[in-house]
Amino acid sequence: MCLISYDPLWETMEKRGETTYTLINKHGINPRTVNNLKHNRSITMFTLERLCQILQCQAESIVVFTPD
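A. Spotlight on unusual backbone geometry. One non-glycine residue, asparagine 40, adopts positive backbone phi at about 55°. Assignment of secondary structure puts asparagine 40 in the loop between α3 (31-38) and α4 (45-55). The phi dihedral of glutamine 56 falls on the positive side, at around 50°, and the residue is not glycine. For glutamine 56, the location among the structural elements is in the loop between α4 and β2 (64-67). Among the residues examined, glutamine 56 registers a relative accessible area of 67% and is labelled exposed.

B. Just α4, in detail. Residues of α4 that are buried include every one of Thr47, Leu48, Leu51, Cys52, Ile54 and Leu55, and no others. The buried side chains of α4 occupy one side of the element, clustering within an arc of 165° when seen end-on. Relative to its buried face, α4 has exposed residues pointing more than 90 degrees away, namely Met45, Phe46 and Gln53. In this structure, the buried residues of α4 make contact with α1 (7-16), α2 (20-25) and α3. Two residues or fewer after α4 comes glutamine 56, characterised by a positive phi angle close to 50°.

What counts as what
Residues numbered from 1 in each chain as written. Predicted model: local features only at pLDDT ≥ 70, side-chain atom pairs only at ≥ 80, totals over all residues. Heavy atoms only, no water. Helix = DSSP H or I, 4+ residues; strand = E, 2+ residues; numbered from the N terminus. Buried < 20%, exposed > 50% of the residue type's maximum accessible area, 1.4 Å probe, protein only. Arc of directions from axis to C-beta. Contact = heavy atoms within 4.5 Å.

As structure tokens, then:
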């Protein structure tokens, strides 16, 4: 089993000047999705793709999987 961590996401957002507020209100990311991200819960590939587009980055700048 792998553990999901979105620690890279928060660093990437800071570098790009994005906040959870802008993800929700400017880019239309669902607040429930932001809550999932904050609690290291899974998200859909569609959401991962959208985050990559918004932040102009690759998936490894958003999520990391670590062995349990």
